[in-house]
Amino acid sequence: SDGHGAKKWQSTDAGIQSHAIKAVTAFLGCLSTEMLRLPPIKESISDILVLLEGVLQTKNVSVLIQAADVSSKLVSSIGNSIRQYPILEIVSPLSCQLSAHQLPTAISCARAMNCILNSLVTARGSTHAEILETLERTNAVASIVSALQSYTPDVHPLSYLTEMISLLRTILWIWPSSRYHVWSNGNLMGKLAHYCLATETTVVAKVLRLYAALALCGHGAMILLKNKVLMAKICELVGTSHPSSTRIEAFKLCHILLRSSKGCSQLMTSRCQPIVEGIIDAMRAKDDKLLVTEGCRTALLVLRYAGNHHQCFWSNAIDKVLYSILTGRCLSSHQSDKVLCDDELFDMVSKNFMDIHPYVWDILGYLVVHCTEDHHPVRKGKGHSLHALISCACLLATDVMRKSSPMTLSKDVQEPALRAVLMMLLSPNGYIQYEASFKLSEGLPYLGDGYLNVLLSSLESNTTRSVATSFDSFKIMTNLMNLACLVLSRPYHNLLNKRNPIDVLSIIIKECLHNNIHITRSKVTSHLHFCFEGSSCCCYLGEEWEGENIVLYYGLVGLFNLLRSTTLVCVQCKRKLDVGILCHDCRDQYTEDFLIVLQRALSQSLSSGPKLYIAHILSLFGLCGSPSKLGGKMSSALDNNDLADLELLLSDGESINAHTAIISARCPKLLPSVKCLLGSDEKVKDEWGKSVYRVQMSDRVDSHALKKILEYTYTGFVMVGDDIVKPVRTLAKYCHLKPLAEMLQKEQPRWNSDYTRYDLTVALGPVEHSFSDIILEAQSNEEMKCDHGPCQLSTPHVHSHKTVLIMSCDYLRALFRSGMHESFSDVIRVPLGWQALDKLVHWFYSGELPSVALDCRWNNLSSDEQRSHLNAYAELSSLAEFWFLEGVKEESLSAASSLLGSSTSAAAVEFVAFAANLGQWEMVEAGVRSVAHLYPRLRDSGRLERLDEELLNMLRTEYVRYSQHGGGGN
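Residues numbered from 1 in each chain as written. Predicted model: local features only at pLDDT ≥ 70, side-chain atom pairs only at ≥ 80, totals over all residues. Heavy atoms only, no water.

Per an unreviewed UniProt entry, the protein chain is named BTB domain-containing protein, and its organism is Aegilops tauschii subsp. strangulata. Turning to the protein chain, the UniProt annotation filed under Pathway (unreviewed entry) states: "Protein modification; protein ubiquitination." (UniProt positions renumbered as here; feature names shortened; annotations may be inferred.)

Attention now moves to helix H27 (residues 502-513). An ideal rise of 1.5 Å per residue puts 16 Å on 12 residues; H27 measures up with 16 Å between its terminal C-alpha atoms. By the criterion of burial, H27 is predominantly enclosed, with 9 of the 12 residues buried. When we look at burial in H27, the residues that qualify are Ile 502, Val 504, Leu 505, Ser 506, Ile 508, Ile 509, Lys 510, Cys 512 and Leu 513. Once H27 finishes, Asn 515 follows within two positions and takes phi at roughly 65°, a positive value. (Helix = DSSP H or I, 4+ residues; strand = E, 2+ residues; numbered from the N terminus. Expected span 1.5 Å × (residues − 1). Buried < 20%, exposed > 50% of the residue type's maximum accessible area, 1.4 Å probe, protein only.)

Turning to unusual backbone geometry, a few remarks are in order. The phi angle at Ala 317 is positive, at roughly 60°, despite the residue not being glycine. Within the element layout of this structure, Ala 317 appears in the loop between helix H17 (309-315) and helix H18 (318-328). Residue Ala 317 is classed as buried on the basis of its relative accessible area of 8%. Look at His 736: it is not a glycine, yet its phi comes out positive at around 60°. By the element assignment, His 736 lies in the loop between helix H36 (725-734) and helix H37 (738-744).

Time to look at the pattern of salt bridges. The tally for this structure, following the rule as stated, stands at 27 salt bridges. Between Lys 8 and Glu 53 there is a salt bridge, with its nearest N and O atoms 3.5 Å apart. Taken as a pair, Lys 8 in the segment before helix H1 (14-29) and Glu 53 in helix H2 (residues 39-55) lie far apart in primary sequence, 45 residues in all. Notably, a salt bridge pairs Glu 647 with Arg 694, separated by 3.0 Å at the nearest N-O pair. In this pair, Glu 647 sits in strand S2 (residues 646-649) while Arg 694 sits in strand S5 (residues 691-696), placing the two residues 47 residues apart along the sequence. When its relative accessible area of 15% is taken as the criterion, Glu 647 is described as buried. Taking relative accessible area as the criterion, Arg 694 reaches 34% and is therefore assigned partly exposed. One salt-bridge network, held together by shared partners, links Asp 362, Glu 415, Arg 419, Arg 521 and Glu 546. (Salt bridge = Lys/Arg side-chain N within 4 Å of Asp/Glu carboxyl O.)

Quick look at the UniProt feature "domain: BTB" (unreviewed entry) in the protein chain now. UniProt records the feature "domain: BTB" (unreviewed entry) for residues 644-722 and 772-853 in the present numbering. The span residues 772-853 carries 32% helix and 13% strand; its end-to-end C-alpha distance comes to 30 Å.

Here the focus is the layout of surface pockets. Looking at the largest pocket, its volume works out to about 1,200 Å³. What lines the largest pocket is a set of 48 residues, among which Ser 626, Tyr 755, Thr 756, Arg 757 and Tyr 758 lie closest to the centre. If you list the elements that add at least two residues to the lining of the largest pocket, you get helix H30 (584-601), helix H31 (608-619), helix H32 (629-638), helix H33 (660-666), helix H35 (703-715), H37 and helix H40 (834-846). For the lining of the largest pocket, a count of residues per class yields 17 nonpolar, 16 polar and 15 charged. (1 Å grid on protein atoms, 1.4 Å probe; cavity = no way out; pocket = protein on both sides within 12 Å on 5 of 7 lines; lining within 4 Å. Points joined across faces, edges and corners; volume = space filled by probe spheres on them. Nonpolar A, V, L, I, M, F, W, Y, C, P; charged D, E, K, R; others polar.)

Attention shifts here to empty space enclosed by the protein. Taken as a whole and assessed by the stated rule, the structure comprises 4 cavities of 30 Å³ or more. Taken together, Val 349, Phe 353, His 357, Trp 361, Leu 396, Asp 412 and Val 413 make up the full set of residues lining the largest cavity. Of all the secondary structure elements, the ones that give two or more residues to the lining of the largest cavity are helix H20 (357-369) and helix H22 (411-425). When the residues that make up the lining of the largest cavity are grouped by side-chain class, the tally is 5 nonpolar, 1 polar and 1 charged.

Of the two faces of strand S7 (residues 774-777), both are covered, the one formed by Ile 774 and Leu 776 as well as the one formed by Ile 775 and Glu 777. Note that S7 and strand S8 (residues 797-800) share 4 bridges and pair antiparallel. Bridging across to S8, Leu 776 finds its partner in Val 798. (Pairing = 2+ DSSP bridges.)

Here it is, written out as structure tokens:
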């Protein structure tokens with residue numbers, strides 16, 4: 001002891017060390033759970049760690065191996081209690097031995113480290129931070145990578161490979177920052193792919209686990225998915241010819257690859273059939289519960305997204321497989337083909353709930369909601385499995401409604417079955433929708449009129465108090481699902497109109513949008529927790545289409561279907577109307593209150609499902625589309641004929657001017673035909689000598705409807721009165737404006753369809769006819785190949801459109817109208833580097849300034865590369881002042897500030913000097929704040945020599961402020 005309580009092992013004698021380790025081995029063999037609570041035992045374990053810390057630094061190979069093995073045994077013996085002890089003290093010496101030339105030493109130390117790290121998976125964040133610091137200091141990942149790259153079967157034992165793979169997998173699973181060093185190493189990824197393609201089952205399973213940890217990084221997942229040979233192998237590994245353990249690991253890897261729509265598309269486009277066949281076979285494995293579960297989980301994730309793989313599942317009799325899962329464990333083998341009546345199946349499922357059932361209902365829900373109108377999914381032959389599944393789900397749903405308390409049945413029984421029924425009622429397939437509606441309506445009369453009153457009273461009570469407990473969360477969710485099912489079943493439409501639950505739903509929706517009610521599906525169900533295993537990073541994962549807050553989604557579904565079934569009655573005062581659903585007296589109040597809340601919600605960060613339902617609800621009141629900042633700017637172009645180059649001629653002699661740049665991006669159906677574009681007589685000169693395309697419209701086109709279509713095209717939003725809905729809807733269909741046509745048709749939003757935001761970037765693409773009339777050239781010496789027709793420019797540039805530019809830039813508007821030499825030039829040299837110009841053009845055409853993702857790529861860029869990105873925002877901020885670019889300065893500052901928080905100190909210091917040179921003092925201040933805490937170190941290292949005295953004073957002042965508020969010292 002050093003006299004202050006800390007102990008150190010001092011003996012360097014190998015004999016004494018070996019004897020001590022043998023004594024520890026015997027001691028650990030005698031431990032029991034009860035003994036671990038005794039103070040003397042706890043003190044002994046602490047002393048053992050002191051011993052191991054010292055012995056693991058010896059040079060004796062035999063003793064090192066013994067110490068590493070004892071370390072593993074210690075962790076195994078005391079389990080999670082290991083967190084009570086200073087286990088970190090032995091992580092560092094173990095990590096240092098990973099690069100040992102003596103293979104037995106490296107193998108034992110890797111095994112011990114893996115055992116320790118796995119025991120600390122759920123430890124506190126501070127513990128994980130300390131371990132990560134140790135791993136980085138000892139270059140643990142680099143040592144493992146080197147070992148895997150140098151592995152040769154003829155020289156190294158197989159255990160060397162497997163232990164290193166297992167340890168690397170554990171590190172990648174727990175610490176996201178370590179993944180970059182693996183997926184960015186092409187040599188290592190090639191080696192791992194080679195190991196996966198090997199025939200050794202043990203190695204393949206371990207590599208699959210490593211890939212699963214690596215795929216938690218979005219970039220890592222994309223690297224794996226791009227390797228077609230590897231993906232083919234993984235799809236083969238889920239098949240029947242491989243051991244169950246290997247198939248399970250392959251399925252778990254697929255779970256992570258399928259977390260994003262992009263991953264699903266890449267995996268299923270080329271390898272759909274073998275994956276589906278493997279999934280179906282796994283789901284049929286009656287004697288392997290784990291394999292069935294993993295097969296069901298994979299099917300659930302795949303079927304979330306639309307695609308041709310749905311047809312593949314139907315072709316492989318997925319409905320029959322789901323039916324077999326529900327009945328398979330309750331029927332003997334000779335009864336497996338028995339056809340149960342609806343009541344028998346319901347009785348069996350409701351009384352014999354199994355953990356696998358929620359997956360069945362989720363899979364069924366995704367199958368039916370994606371089932372197309374022209375697909376007839378009923379299987380020929382006796383049994384009609386789909387009919388039985390629909391009937392069973394509906395009987396479960398009506399049974400839930402009959403219960404006096406929503407907690408009578410398990411959450412995992414109620415929610416998935418109710419959700420499946422709701423998805424049946426939302427299915428675009430007429431057969432499925434009819435079957436579900438008919439079966440549900442059979443049970444509804446038994447509930448009586450009083451049920452609706454109870455349901456609405458319960459929902460009203462939730463709007464008057466905080467939804468804090470899990471009971472309240474589940475209750476409000478279940479009530480909304482029940483109400484949505486009732487609304488979608490025809491017999492209740494008139495009754496619901498009389499009861500008027502619209503006010504209740506409106507209040508719930510407003511509470512959700514103000515975030516006073518926020519309930520996620522995973523909060524009330526347990527079978528989906530596997531979707532969130534592991535710590536993801538660098539992910540481009542879209543959330544569920546319904547969004548995180550499922551109460552909001554279910555409320556919107558119910559409200560939309562209530563409103564669209566309401567005809568000729570004011571939803572507010574119940575007065576009878578000739579047209580519409582809102583009388584003149586109620587319109588102002590309703591518009592200023594609830595409708596404006598919904599319009600604002602369209603600009604919130606909601607997922608596509610809620611946004612689509614909000615847009616469709618607003619369209620029922622004549623408000624079609626979503627007002628946007630960029631759309632508002634483009635609205636000025638409607639009345640601006642200066643740059644108009646398209647003339648739409650109506651049969652009555654009237655003509656309407658438009659701009660090809662906007663029309664090509666938003667409504668290309670209105671453009672001239674290809675023949676005209678190639679130089680026919682349809683391109684003429686106007687009275688000022690400007691080239692104009694002319695398009696003759698059909699005599700059936702209504703001028704008012706066409707103006708509404710153009711207003712929607714230019715702004716993304718239009719008000720359509722009841723008197724003009726029909727001609728606008730007809731023209732919207734002709735123009736392929738699907739979102740507008742569906743809103744005016746009062747159609748149900750299609751599941752998993754995207755919410756379209758206002759965007760003109762399509763006009764920038766290298767298409768044959770881009771209608772570009774101006775080129776923006778960057779100040780750069782780089783060379784760039786242009787894909788834009790006959791363009792000869794080799795410097796970085798963008799083919800742009802004056803119409804779009806002048807709507808967002810007062811400077812360019814004045815320039816183009818000035819009559820000066822520059823106004824007639826085809827090229828404008830912009831005082832920006834290429835990175836900055838690229839971001840600026842994106843802002844012109846999308847209304848948003850691109851930001852750099854703060855992911856592992858950014859964290860591993862060099863200081864010069866980071867500085868280049870930061871400087872681009874300073875350039876933009878400077879130009880915004882000169883060109884009068886509204887909002888660009890603020891957005892640039894926000895983007896730069898977020899990057900500075902994770903930039904290298906060298907990049908930040910260089911950026912401060914660059915921003916100061918441009919006079920961007922807000923950015924200078926942000927940069928100074930990001931490095932102030934490092935001032936003493938930067939000063940001593942000489943990195944501040946580039947800064948002038950004014951900047952140094954700013955940095956000193958900020959450091960003093962930081963120190964006074966509890967910051968660290970030197």
